[in-house]
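# Tertiary structure, described
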Amino acid sequence: MKLIVAVIKPFKLDEVRQALTSVGVEGLTVSEVKGFGRQKGQTEIYRGAEYAVNFLPKVKIEVAILDSQLDDVVEAIQSAANTGRIGDGKIFVMELSKAVRIRTGETDDSAI
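Values in this document were obtained by computation on a predicted structure and should not be read as measured data.

## Here we look at the packing of helix H1 (residues 13-22) against helix H2 (residues 70-81)
Each pair of packed helices gets described by two things: the angle between the helix axes and the distance between those axes. Where H1 contacts H2, the two axes come as close as 8 Å, and the packing angle between them is 150°. Taken as axis vectors, H1 and H2 run roughly antiparallel relative to one another. With respect to the hand of their crossing, H1 and H2 are arranged in right-handed fashion. Here H1 contributes Glu-15, Val-16, Ala-19 and Leu-20 to the contact with H2, which in turn contributes Val-73, Ala-76, Ile-77, Ala-80 and Ala-81.

## Here we look at the packing of aromatic side chains
Counting across every chain of the model gives one aromatic pair. Summarising the aromatic geometry, the rings of Phe-36 and Phe-55 are spaced 5.7 Å apart at their centres and angled 55° between planes, so their arrangement reads as tilted. In this pair, Phe-36 sits in the loop between strand S2 (29-35) and strand S3 (42-46) while Phe-55 sits in the loop between strand S4 (49-53) and strand S5 (56-65), placing the two residues 19 residues apart along the sequence. On the accessibility criterion, Phe-36 (44% relative accessible area) is partly exposed.

Procedures and definitions
Residues numbered from 1 in each chain as written. Predicted model: local features only at pLDDT ≥ 70, side-chain atom pairs only at ≥ 80, totals over all residues. Heavy atoms only, no water. Axes fitted to C-alpha atoms, helices over the stretch in contact; angles between N-to-C directions. Helix = DSSP H or I, 4+ residues; strand = E, 2+ residues; numbered from the N terminus. Parallel < 35°, antiparallel > 145°, perpendicular 65-115°, else oblique. Left-handed = near helix turned anticlockwise from the far one by under 90°. Contact = heavy atoms within 4.5 Å. Phe/Tyr/Trp six-rings, centres within 6.5 Å; stacked < 30°, edge-to-face > 60°. Buried < 20%, exposed > 50% of the residue type's maximum accessible area, 1.4 Å probe, protein only.

What follows is the structure in structure tokens.
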């Protein structure tokens, strides 16, 4: 099992959700987060004054999947979240050692 964590631009969330659904993902968790990457934030002008935005709004998606789904899920996120501009985000893949469905007690692959 794998845990996929993707940090993307907020306006791409619906496209990514649809792409994940089309490759068989049945559930995901979404959090609104703030952060920065190589661009170190951005400078904006508000009422004539320039100020720095150090943390940009992002969306973090977490998806638990079977090993066999890995390539399809990563490709779905990458293609749906891509704008070709800086700040598109990152995808992280981690091993998931155990999963338990609280309601039924099912474990591991059955719980996903």
